[in-house]
Amino acid sequence: MFTLFLSLFDSLGQTMVFKNDSIENNLDEVIISGTKTIRVVSSLPLNASVINKVEIEKTNATRLSDVINEELGLITVSDFGGAEGIQMQGLDSEYTLVLIDNQPLVGRLAGTLDLNRVSVGNIKQIEIVRGPSSSLYGNNAFAGVINIITDEPKQGFNGNVSSSYETHNTTDSNISLSYKNKDFNGSVFFNKYSSDGYDLIEDDGLNTVNEFNNNTLQIKLGYDISKKFKVRINTRHFTQMIDNIAPNNLSGETFTAEDNINFIISHKSDKFNTDFEIYFTSYFGDEFLDDELGNRFSESFYDHILLKPEIKTVYKIDNQKEFVFGLGNEYETLNRTYFEIEPKQNSPFIYFQYDYKPNEKINLILGGRFDKYKEYKSQISPKFSGIYKIQNNESIKISTGYGYKTPDFRQLYFNFSNSTVGYSVIGYNVVEDVLNQLIDEGQIANIIIPIEEFEDPLSPESSFGVNIGYSREINEKISLSSNIFSNSAKNLIDYRVIANKINGQNVFSYYNVNNVSTFGFDINTKYKADNYLNFSIGYQLLYAYDLDARKAFENGDVYARLTVDSPAFRLKKSDYFGLYNRSRHMGVLKINYNNLENNFSCNLRLRYRSKYGIYDSNSNNYLDKYDDFVNGHITTNISMNKIINSSLTVSGGVENIFNYLDRQNISNLSGRIYFLRAKYNLK
Amino acid sequence: MKTIKFLTIAIILIFTFSCEDDNNIGVDTISTTVEDLHAPLEGGQGQSASGSFTKFNFEDGIQTNSETNWDIAFRGTSIIVNGGISMGTEDEPERNGNGAAYIFEGTMNEMEIVETSLLVSDSQNSYAIPTGSGNGWYTYSGPPNHLINPTPGKILVFRTHNNKFAKVEILSYYLGAPENPDVLSDQSRYYTFNYVYQPNEGATTFD
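The numbers attached to residues start from 1 for each chain and follow its sequence in the written order. Chain letters and ligand numbers both follow the written order, the letters beginning at A and the numbers at 1. Local features are withheld for residues below a pLDDT of 70 in this predicted model, meaning they are given only at 70 or higher, and side-chain atom pairs are given and counted only at 80 or more; totals for whole chains, interfaces and linings count all residues.

Q: What is the right way to look at the overall build of chain B in this model?
A: Where helices and strands are cited, they refer to DSSP runs of H or I of at least four residues and of E of at least two residues respectively, numbered from the N terminus. Each helix and strand in chain B was counted, giving 1 helix and 11 strands. Listed N to C, the secondary structure of chain B is α-β-β-β-β-β-β-β-β-β-β-β in terms of helices and strands.

Q: I keep staring at the overall build of chain A and nothing clicks. Help me out?
A: A tally of helices and strands in chain A yields 8 helices and 36 strands. Here chain A holds 683 residues, and 40% of them are scored as buried. Placing a C-beta atom from the backbone of each residue, one calls two residues in contact when those atoms lie within 7 Å. Partitioning the intrachain contacts of chain A with sequence separation of at least 6 by distance along the chain shows that 60% fall at a separation of at least 24. With C-beta atoms placed from the backbone, a residue counts as buried when 20 or more other C-beta atoms lie within 10 Å of its own, as exposed when 12 or fewer do, and as partly exposed for counts between those limits.

Q: When you look at the nonpolar core in this model, what are you seeing that I'm missing?
A: Soluble globular proteins tend to bury their nonpolar side chains together. For the purposes of this analysis, a nonpolar core is taken to be any set of buried Ala, Val, Leu, Ile, Met, Phe, Trp, Tyr and Cys residues that are connected through C-beta atoms within 7 Å. With 47 residues, the main nonpolar core has Val67(A), Ile126(A), Ile146(A) and Ile148(A) as its most contacted residues. Excluding its chain neighbours within four sequence positions, the residues that come into contact with Val67(A) are Ile51(A), Ile56(A), Ala61(A), Val120(A) and Ile126(A). Judged by nonpolar contacts, the second largest core, of 40 residues, contains Leu156(B), Ala177(B), Tyr191(B) and Phe193(B).

Q: Looking at this model, I keep getting lost on the sheet that holds strand 9 (residues 154-159) of chain B. Mind explaining?
A: Adjacent strands of a sheet pair through backbone hydrogen bonds, lying either parallel or antiparallel. All names here are of chain B. Only strands joined by at least two bridges in the DSSP assignment are considered to pair. The strand order across the open sheet built from 5 strands is 1-11-10-9-6, with neighbouring strands paired in antiparallel fashion. One side of each edge strand has no neighbouring strand; the edge strands of this open sheet are strand 1 (30-38) and strand 6 (100-105). Here the average twist between neighbouring strands, direction ignored, is 25°. Two elements, strand 9 and strand 10 (residues 165-174), share 4 bridges in a ladder whose sense is antiparallel. By the bridge assignment, Arg159 is partnered in strand 10 with Phe165. All axes are obtained by fitting lines to C-alpha atoms, using only the stretch in contact for helices, and the reported angles, taken between N-to-C directions, cover 0 to 180 degrees.

Q: How should the sheet that holds strand 6 (residues 96-100) of chain A be read in this particular structure?
A: Ordered by their spatial adjacency, 5 strands build an open sheet running 3-8-9-6-7 (chain A), and the pairing between neighbours is mixed. Each of the sheet's edge strands pairs with one partner strand only, and the pair in question is strand 3 (47-52) and strand 7 (103-104) of chain A.

Q: Help me understand the pairing of strand 6 of chain A in this model?
A: Put simply, side chains in a regular strand alternate between the two faces of the sheet. Residues and elements named next belong to chain A. For strand 6, the tally of buried residues reaches 4 of 5 residues, placing the bulk of the element in the interior. Two strands pair when backbone bridges link them, and strand 6 and strand 9 (residues 144-150) are joined in this way by 5 bridges, in the parallel orientation. Along strand 9, the bridge assignment pairs Val98 with Ile146. Note that strand 6 and strand 7 share 2 bridges and pair antiparallel. The partner of Ile100 across the bridge, within strand 7, is Gln103. Hairpin connection between strand 6 and strand 7: a loop of 2 residues separates the two successive antiparallel strands, and Asp101 in this loop has a positive phi of roughly 45°.

Q: Sorry, what's going on with the interface of chain A and chain B here?
A: Reports often express the size of an interface as the amount of accessible area lost when the parts come together. At the interface, 30 residues of chain A touch 29 residues of chain B. Listing elements by their share of the side of chain A that touches chain B, those giving two or more residues are strand 25 (444-447), strand 27 (478-501), strand 30 (559-560) and strand 31 (569-570) of chain A. Think of it as three bins: nonpolar holds Ala, Val, Leu, Ile, Met, Phe, Trp, Tyr, Cys and Pro, charged holds Asp, Glu, Lys and Arg, and polar takes everything else, Gly as well. Partitioning the side of chain A that touches chain B into residue classes produces 12 nonpolar, 14 polar and 4 charged.

Q: I'm lost on the confidence of the model for chain B in this one. Help?
A: Should pLDDT be low for a region, the predicted coordinates there are not to be read in detail. Residue and element names in this part refer to chain B. As a per-residue measure, pLDDT tells how confident the predictor is, with possible values from 0 to 100. Averaged over chain B, the pLDDT score is 85; the fraction of residues at 70 or greater is 86%. Low pLDDT, under 50, characterises residues 6-23; the stretch is placed with 1 contact to residues that sit more than four places away or in other chains. Prediction confidence for the complex, expressed as pTM and ipTM, is 0.85 and 0.81 respectively.

Q: Sorry if this is basic, but what is going on with unusual backbone geometry here?
A: Negative phi values dominate among residues other than glycine, just as trans dominates among peptide bonds. All names here are of chain A. Despite not being glycine, His168 has its phi angle at roughly 70°, a positive value. Note on placement: His168 falls in the loop between strand 10 (156-166) and strand 11 (170-180). We classify His168 as partly exposed; it has 14 C-beta atoms within 10 Å. Positioned with a positive phi, Tyr338 is a non-glycine residue whose angle comes to about 65°. Here Tyr338 lies in the loop between strand 18 (321-336) and strand 19 (344-359). For Tyr338, a count of 14 C-beta atoms within 10 Å gives the class partly exposed.

Q: Even after reading the chapter, I still don't get the environment of Ile390(A), so can you show me in this structure?
A: Residue and element names in this part refer to chain A. Looking at where Ile390 falls in the secondary structure, it is placed in strand 21 (residues 379-391). Residue Ile390 is classed as exposed on the basis of its 11 C-beta neighbours within 10 Å. Between the alpha carbons of Ile390 and Arg472 there is a distance of 9.6 Å; along the sequence they are 82 residues apart. Beyond its immediate chain neighbours, meaning those up to four positions away, Ile390 contacts Ser395 and Ile396.

Q: Got a minute to help me understand the confidence of the model for chain A in this structure?
A: Across chain A, the average pLDDT comes to 89, with 95% of residues at 70 or higher. Counted against residues more than four places away or in other chains, residues 1-25 of chain A, with its pLDDT under 50, gives 41 contacts.

Structural data, given as structure tokens:
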């Protein structure tokens, strides 16, 4: 099949072009995620950025998490299940909406959406909007939005195959084919990504990352019925198989399947652009462990479906004013082990956006969205943003907005009892039923929180964000951009003990409690030394506090001990460190060398994270400066590319050159990784 | 002149303090550390707990097998007092004293006077020192370390079986009180704690 394709297209070759990463080029970058209309990034009044294909290819990243980790202010955090999520502006991964081609991914097992599900092989660009964006996207766009835009077919036949091999027997192979003529376009992309995994801690009966095998198939088809009417269908199918091992000779598998289908009809006229879309996505997971004799030890499944029809119209009133209006419905179901019921939810929504350019210097955007919910309070999400161009190469912008996240189904309907330790976790909406059942079974010793307290529905978590940005091109060589950001989040959901069981263990349920504040600033500078060499350096300062925790320190309610045999002493307000897993300082340095004459490029990237805490080592329930911290560290990656001829590019490099390891605390650093990659363009 | 004035004040102060001390006529308080008191447990972890409690007497500062002359007793993470009634788990010793307890939030030094109104005895529904992480004396760290560590700032205040008082700060739940216990290699259910015992009848302070 492979050779067939090779012979089908003669190999005249579409070259991979090393663009000079100049400031001018970046100015032309467009983004759709900020407004649901195509806009130039630099003139958009939002804290938004784009990572384009050239940048991704230069680093030879194969995983989305690699790309995200090198973007200033974004880090990926592994949860205990090994899923890697995005932390944005100091807010947890469950609060960032992740889209592929403008449509949301589902399947957040414990809140985290695993970025490793997404291959970067056919990504055109990654769009990042920082700051609450529920005014356009509704639920989950609490901290911001990451939109992964995949390649669109170019004129004629195009195609490429690539394969990379790296340490841990990790392979990543891609086949990408596309065709476009006057009124038809289509593309097929296939990715296979597999690895033997690795183990950082021996003798615990577990692997840090188990052997896995991922496959992605994406097919996109488009047909222009007429000049005005277009239809498109995008489908993506993903499967993952993980070989599990667990202590006591248990072994099993985790199987995941994800399907996305998006059907779009667009109509264009002078004044109106209308898109009607039907999006269907499902996420299915099944996991089991067997003992040595093949008897089933444990099994669980997870089956999440989202169906979303939406219609959106862009009305261009005149050159200064544009109006966007949309409405739709989200239908969601989840069938899962340990659930009291199989929840179904219909939530209709409506949104608008008014985009106004009174003159060359000013652009204002006002928007809002209404989401209707039955199980919890319906949400109104406003936003306002504006940009003022002081002069051609200097601008300031401000954006403010509201974001929210509805309680997830687990927080509402969970009914789980741990068989080895004996505690129970109950979803908020089923507390009465399940607790009464436990009482009937004689399992409850004490009720701590009266059942009546669960009558009012759990509130969505919400945040209000402000971003103020300044950017300036100082001269042809130097540019800088800087942002101050602040997010105040309230009603964050946590769990607490609601009853004691007679076995001495607790019954937990969820409640709205935490108020969190994150604020800080970032600055990014680009310097183009000459035609060959350019630098970019970025720094982020971040403060992330739980306000109630800070109050507890202020009130003198928190204690610590210096050594195991010394008495406890009271902590001061200044001893509070902040939220777990947040580094106060982060920095990224990138050095690019492009030699167009010799078709060679090389880039070196350094990433710094200052110290952060991942657990409360002194058992006072707060992260304070007497806890153990993960040391601040730098990771360094290098990648080189050489264009051999018009068809073939070879690349190689080393990630984590200095072999930085913290086996106990950093599970996604597995030591030094070497890789080799070849890409062959077909035409 | 200044020196004389200072001396006078100092003398008066010393006199005043020693007078206060004299109010607690009798024996000095006992301040000591108990190391690695073993409190084994059978069952537990979802199964019903059983096995005999390790009984302790503050006055003697030692483990005891006496059926009456004990103040508190340990089994796993559970601590019971010799007062009140049994929660009905297996092998709980008979309570025949006037023991009671409460948890004071603060440091050992700040715990100066016993608030007798806060004292409760064990009851059918819960022990005077509640069980479970965060409810009583310890915090369970959860994954990945799964440690049971004493929560700093929790001082356990006890009335003994014979109406005296003691305050306790638990330091470690692991054998040898290691600085950084490892759940896989360090043995648990070994209590190390500091306590101050007030041997004088009716005295509610720990001077």
